[in-house]
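Next come the chains, spelled out residue by residue.
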Amino acid sequence: MSGTPTAVLFDVDGTLVDSNYLHTVCWWEAFIQAGHDVPLPREHPVPPPVAEPHTVRFTPMSTSVTDGLNRPVVAVANRLPVQRGDDGWELSPGGLVTALRPVMSTHPGAWVGWDGGTKGMPPTLPDSGVRLVPVGLSAVQIRNYYHGFANATMWPLLHNAIEKPRFERPWWYSYRDVNAIFADRALAALDERPDAIAWVHDYHLMLVPQLIRSRRADQPIGFFLHVPWPSPDIFARLPWREQVLTGLLGADLVAFHTDRYRGNFLRSCARQLGDSGIEVRDSSVILPDGRAVATVTAPISIDAAEFAEHATDPGTSARIEALAGQFSGRTLLLGVDRLDYTKGIVERLQAVELLLERNPELRTSLAFLQIAVPSRDDVREYRQLRDTVERRIGRINGLFTEPGNDVPVHYLYRGLPPRQLAAYYALADALLVTPLIDGMNLVCKEYVTVQQARGGSGVLVLSEFTGAAVELPQAVLCNPFDVEGLSYRIEHALRQPAEDRRKALAAMAEHIRTHDVHRWVTDQLAEIAARRDHARFFR
Ligand code: ADQ
């Protein structure tokens, strides 16, 4: 294919962290223009939803360059980003974490997260002053809070109930208890740094903002949701919907990847909490005591500069050469995902099967490589998914491998280091990103960045149902629910003239470069601090 930094953050999926991939991180530039506006994404390419009672508009607020800039951050997320390496403790690898290293050393904060059962954690992040605040969980808590409520209730519910969410009271009680433990640890860290911003991440910890607020009325608190927010009808299925919403409304700022998720959240608030004196006013929720909770759209991104560097690293060229032989003379299609039922891997395989069925000549001239990181195999649905994927691959290869030729579908069930991944991105003629629903999807941003950095002409086939589709309309957009249609979209992508693909890549890469994770962090922290001032004013 400078500033004055503060602290940190990252993706919160425990399994991914187990696989040593953290991919959202923060740092912070000192200079933010007064009146800087958070960028609005372009319209989603799919038709807008039917009009609903609450008009949801995002009114970027004029932030004075205030408090936020030099304040430490207490980050609260499901997992801590460290692992034991050959030479002791180290940051878990991940391009963006690496980018944080210098930043974290100059502006220490704290990071509250589950220790994953690892004993003897260091007191600070390696090579930095960021204090690690480990939360230990019992086996029962891991089962009920993490595998149960987080991954088998909230994850499917927030992903449009694409798998049926399971509602188990013991899981909910455990979620409440564990959120209270996280909040206690965060409060202790905040007591040590009274000027800090609290930044809470993702669906594991949705009660934490209110738990902090109830003990620190003036604390600036931000919450970022890494996954979608579904329609109010789907969210309403949750037996504990009011408690979850009230938990989130403890924050000053609740942020989402897209306008759609944010709108859904506001409509859920209006529907579930309207009778409790809560009012949705434009993009804010006004609580009975007059406190305003702002919502913003803040699409997350990657460290584009780092990925571009991976792409052009001499080591990557050597890796590409080593891999090229395997696929020489073939058009390479690539899929890279956590093995998750939201990612549309089965539908992708079905589409590849249809493609090969329709076009016999492709059986020897095309290869599809699926790289799948093991994920959450303590949850039944994930084990079943792995079986289905592996059966499908066997079926396609059984049907379409031509004697004397290599198989059409290749499969790696493992995580790969970022540089190795970059080699695959560079080599692939097309990347198939076909989630049935995905909050954002960073893989497509990585692919585009690598292809562009290497002067490639790869094509991105991207599901309409990803947050990324809002930002990257130049991709070949597809509807993965229509597998036959998807197979035609892949064909269409492969037939696109190289010049058109290059133009599309250039436009997407430019957007990603100018909207990278550093900008995301900068904007988020400024917004959180400014909204606290705003909330005070409102009262
Ligand atoms: P995820 O669902 O985990 O994240 P995604 O955004 O695609 O999904 O991030 C995956 C990350 O893992 C990427 O950085 C990618 O490089 C890495 N990865 C995937 N497969 C890999 C493999 N086989 N080997 C090595 N690395 C691999 C959640 C939400 C997303 C949202 C992110 C960030 O579900 O929608 O984009 O958080 O907010």
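Attention in this report is confined to the structure presented alongside it. Remember, predicted model here, so these are calculated numbers, not experimental data. (Residues numbered from 1 in each chain as written. Predicted model: local features only at pLDDT ≥ 70, side-chain atom pairs only at ≥ 80, totals over all residues. Heavy atoms only, no water.)

Notes on the packing of aromatic side chains
In the structure shown here, the tally under the stated rule is 19 aromatic pairs. Between the aromatic rings of Phe-224 and Trp-520, the centroid separation amounts to 4.8 Å while the plane-to-plane angle is 90°, which identifies the pairing as edge-to-face. Here Phe-224, found in strand S7 (residues 221-224), pairs with Trp-520, found in helix H19 (residues 517-538); they are 296 residues apart in sequence, far enough to count as distant. Exposure remark for Phe-224: the relative accessible area of 0% places this residue in the buried category. Here Trp-520 falls in the buried class, since its relative accessible area comes to 4%. Here the aromatic cluster, defined as three or more aromatic residues joined through ring pairs, consists of Tyr-145, Phe-149, Phe-167, Trp-172, Tyr-175, Phe-182 and Trp-240. Taking NZ or CZ as reference, Arg-358 lies 3.7 Å from the ring centre of Tyr-488, over its face. (Phe/Tyr/Trp six-rings, centres within 6.5 Å; stacked < 30°, edge-to-face > 60°. Helix = DSSP H or I, 4+ residues; strand = E, 2+ residues; numbered from the N terminus. Buried < 20%, exposed > 50% of the residue type's maximum accessible area, 1.4 Å probe, protein only. Lys NZ or Arg CZ within 6 Å of the ring centre and 35° of its normal.)

Concerning the sheet that holds strand S1 (residues 73-79)
Taken together, 9 strands build an open sheet; the order of strands is S5-S4-S1-S6-S7-S8-S11-S10-S9 and the sheet is mixed. One side of each edge strand has no neighbouring strand; the edge strands of this open sheet are strand S5 (131-135) and strand S9 (279-281). Put simply, the sheet's adjacent strands are angled 20° from each other on average, direction ignored. With 4 bridges connecting them, strand S8 (residues 253-256) and strand S11 (residues 292-297) associate as parallel partners. Looking at S11, one finds that Leu-253 is bridged to Ala-294. (Pairing = 2+ DSSP bridges. Axes fitted to C-alpha atoms, helices over the stretch in contact; angles between N-to-C directions.)

A word on the pairing of S8
Residues Leu-253 and Ala-255 of S8 are buried on one face, and the alternating residues Val-254 and Phe-256, pointing to the opposite face, are buried as well. Pairing analysis gives 3 bridges linking S7 to S8, with the strands arranged parallel. By the bridge assignment, Phe-223 is partnered in S8 with Val-254.

Focus: the sheet that holds strand S16 (residues 459-463)
A sheet is described by the order of its strands in space; here 6 strands give the open sequence S14-S13-S12-S15-S16-S17, paired in parallel fashion. Strand pairing shows two members of the sheet lacking a second neighbour, strand S14 (409-413) and strand S17 (476-478), which therefore form its edges. Going from strand to strand, the sheet's axes swing by 20° on average, the running direction of each strand aside. Two elements, S16 and S17, share 3 bridges in a ladder whose sense is parallel. Directly across from Leu-462, in S17, lies its bridge partner Leu-477. With respect to the sheet, helix H17 (residues 483-495) is in contact with strand S12 (331-338), strand S13 (366-373), strand S15 (430-433), S16 and S17, its orientation differing from that of S17 by roughly 175°. (Contact = heavy atoms within 4.5 Å.)

Quick notes on the pattern of salt bridges
According to the stated counting rule, one finds 24 salt bridges in the structure shown. Where Asp-184 meets Arg-215, a salt bridge forms, and the shortest distance between an N and an O atom there is 3.3 Å. Of this pair, Asp-184 sits in helix H4 (residues 169-192) while Arg-215 sits in the loop between helix H5 (208-213) and S7; the two residues are 31 residues apart in sequence, bridging distant segments of the chain. For Asp-184, a relative accessible area of 39% puts it in the partly exposed group. Judged by relative accessible area, Arg-215 falls into the exposed class, the value being 54%. Residue Arg-380 pairs with Glu-381 through a salt bridge whose shortest N-O separation is 3.4 Å. (Salt bridge = Lys/Arg side-chain N within 4 Å of Asp/Glu carboxyl O.)

Looking at the environment of Ile-162
On the secondary structure map, Ile-162 appears in the loop between helix H3 (139-158) and H4. Distance from Ile-162 to Ile-437, taken between C-alpha atoms, is 8.4 Å for residues 275 residues apart in sequence. Look past the residues within four positions of Ile-162 in its chain and what remains in contact with it is Pro-156, Tyr-341, Thr-342, Leu-436, Ile-437 and Phe-481.

Here we look at the site of the ligand
Taken together, 27 residues form the shell around the ligand, and within it His-226, Leu-416, Asp-438, Met-440 and Glu-446 come nearest. Contact between the ligand and His-226: an oxygen atom at 2.7 Å from a side-chain N or O atom of the residue. The contact in question runs from an oxygen atom of the ligand to an N or O atom on the side chain of Lys-343, over 3.0 Å. For the ligand, whose free accessible area comes to 710 Å², the fraction covered by protein is 97%. When residues of the shell around the ligand are traced back to their parent elements, those giving at least two are S12, S13, helix H14 (418-427) and helix H15 (443-453). Take the shell around the ligand: its biggest share by element is 3 residues, from S12. (Near = heavy atom within 4 Å. Polar contact = N/O pair within 3.5 Å; in protein donor to acceptor, adjacent residues only side chain to side chain. Areas by Shrake-Rupley, 256 points an atom, 1.4 Å probe, with all protein chains shown as cover.)

Description of the side chain of Arg-291
Turning to its location among the elements, Arg-291 is positioned in the loop between strand S10 (284-286) and S11. This buried residue, Arg-291, is left without a salt bridge; Asp-252 holds the nearest opposite charge, at 4.3 Å. Side-chain polar atoms of Arg-291 contact the backbone oxygen of Leu-249, separated by 2.5 Å. (Lys, Arg positive; Asp, Glu negative; His and termini not counted.)

Some words on H3
Because an α-helix packs 3.6 residues into every turn, residues spaced three or four apart end up facing the same way. Where H3 bends most, at Phe-149, the angle is about 40°. In terms of burial, H3 is largely enclosed, as 16 of its 20 residues are buried. (Bend = angle between axes of the 7 residues up to and from the residue.)

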